[in-house]
Amino acid sequence: MKNTPQHAPPSDAQQRLDIEPVVCYPNNTLPPYDKPFYNNLQQGMQLVDSITIPARDARSFVVPAGHVFRIVSVEGPQVGDLNLWHKDNLKERFFSGKTRALHGTHVSTGDRLWSNLPYLRPMATVIDDTLDWYGWDQFGGSVHDVIGTRCDPYTNQALGQDEYHYCCHSNLTRAMLDHTQFDLDDVEPMVHDVLNVFMCTGFSHDTHQYFMKASPVRPGDHLTLFAEIDLLGALSACPGGDCSNEHSSDTSKCYPLKVDIYKPLRKALVGWSSPNTNGYSRSHGVDQTL
């Protein structure tokens, strides 16, 4: 429970409380989602790679710009934690906070996954979501969130739990270690806040805390994304399984996930090009002539 207020409300408290909110980042000036284009490119596309993500583990994968990748539930209800980087510049990576600010706490078809500053451009676009029927439940929950950061051994330790090495943070770290062959101390900071694929989450009405509940995902469900730039991805099959109970342990029933990568027909991409990095000058008001 939240702390009881220690100060009496001012005389105009209700007036202040009644002020209507405004959206911080109205997104109606962003390029609109081109539904016919993204629907068309899924017709006739060719499967070029398929990666199995073992339960309680992670794997990396590469998706060329202009290709499609599909995260698939294959054996049972399972959530996944997704990281993305620019394949040729690992400093550019998925920015869950700005994605949340632009599109909301959960993403679905038509939403974009944005990269971090100073690059800030669409890395991928969600083009199909078999769980879009779920919407919002009575508890305020929805699917595919950009709220949670990822389960990690540091928070687990801070909460008094035993040391555990198969949290999503550790899984993603190992996947990147295998891919890059860098030192562990260099790789771990590359892991960043995730897109929680298939995870059903929200904020509790009473304490406003981040909650999770059993994912509605079932075998055959998928989240499909279009790579707007050359991507390196890593996906962890969370040790929480469907996240109906707990994570950061071996208690939950877990299943593998699959990432399928598709190449659309060339004619389907006519007129499309990768977005440029953000056009801001990066001068920040500093007089460079001094």
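Look above for the structure.
What you see is a predicted model, and the numbers here were worked out from it, not measured in a lab.

Visitor: Looking at this structure, I do not really get the overall build of the protein chain. What am I missing?
Guide: Looking only at helices and strands, the protein chain features six helices and 13 strands. Relative to the 2.2 N^0.38 estimate, which gives 19 Å for 290 residues, the radius of gyration of the protein chain is 20 Å and therefore close to what a compact globule would have. Overall, the protein chain is about 65 × 55 × 45 Å in size when its C-alpha atoms are taken along their principal axes. Buried positions account for 48% of the 290 residues belonging to the protein chain.

Visitor: What's the story with the layout of surface pockets in this structure? I'm lost.
Guide: Empty space left among the atoms is revealed by rolling a probe the size of a water molecule over them. Its boundaries defined by the atoms lining it, the largest pocket holds a volume of some 480 Å³. Only helix 4 (153-158), strand 9 (195-203) and strand 10 (210-213) provide two or more residues apiece to the lining of the largest pocket. Of all the elements, strand 10 adds the most residues to the lining of the largest pocket, at three residues. Here the residues of the lining of the largest pocket sort into nine nonpolar, ten polar and five charged. Empty space within the second largest pocket amounts to approximately 310 Å³.

Visitor: In this structure, what is going on with the side chain of Thr207? I would like to understand it.
Guide: Structurally, the position occupied by Thr207 is in the loop between strand 9 and strand 10. Accessibility expressed as a relative area gives 7% for Thr207, which makes it buried. Polar side-chain contacts of Thr207 include one of 2.8 Å to the side chain of Ser204. In this structure the side chain of Thr207 is engaged in a polar contact, spanning 2.8 Å, whose partner is the side chain of Gln209.

Visitor: Where do I start with the packing of aromatic side chains in this structure?
Guide: To describe a pair of aromatic rings, you give the distance between the ring centres and the angle between the ring planes. Across all of its chains, the model carries nine aromatic pairs by this definition. For the pair Phe61 and Phe69, a centre-to-centre distance of 5.8 Å together with 45° between the ring planes defines the contact as tilted. Take Phe61 and Phe69: they sit in the same class, and that class is buried. Seen from their ring centres, Phe226 and Trp272 are 5.2 Å apart, and the 85° between their planes marks the pair as edge-to-face. Linking Phe226 in strand 11 (residues 222-227) with Trp272 in the segment after strand 13 (257-263), this pair joins segments that are 46 residues apart in sequence. Members of the aromatic cluster, connected to one another through ring pairs, are Tyr33, Phe37, Tyr38, Phe226 and Trp272.

Visitor: Any chance you could explain helix 5 (residues 168-180) here in plain terms?
Guide: Each full turn of the α-helix corresponds to 3.6 residues, which orients residues three or four apart in the same direction. Taking 1.5 Å per residue as the helical rise, helix 5 with its 13 residues ought to reach 18 Å, and the 18 Å between its terminal C-alpha atoms agrees with that figure. Of all the residues in helix 5, the buried ones are Cys168, His169, Ser170, Asn171, Leu172, Thr173, Ala175, Met176 and Thr180. Those residues of helix 5 hidden inside the fold are in contact with strand 2 (58-63), strand 4 (80-86), strand 5 (89-93), helix 4, helix 6 (184-187) and strand 12 (231-237). The first or second residue beyond helix 5 is Gln181, which carries a positive phi of 60°.

Parameters at a glance
Residues numbered from 1 in each chain as written. Predicted model: local features only at pLDDT ≥ 70, side-chain atom pairs only at ≥ 80, totals over all residues. Heavy atoms only, no water. Helix = DSSP H or I, 4+ residues; strand = E, 2+ residues; numbered from the N terminus. Rg over C-alpha atoms; globule rule 2.2 N^0.38 Å. Buried < 20%, exposed > 50% of the residue type's maximum accessible area, 1.4 Å probe, protein only. 1 Å grid on protein atoms, 1.4 Å probe; cavity = no way out; pocket = protein on both sides within 12 Å on 5 of 7 lines; lining within 4 Å. Points joined across faces, edges and corners; volume = space filled by probe spheres on them. Nonpolar A, V, L, I, M, F, W, Y, C, P; charged D, E, K, R; others polar. Polar contact = N/O pair within 3.5 Å; in protein donor to acceptor, adjacent residues only side chain to side chain. Phe/Tyr/Trp six-rings, centres within 6.5 Å; stacked < 30°, edge-to-face > 60°. Expected span 1.5 Å × (residues − 1). Contact = heavy atoms within 4.5 Å.

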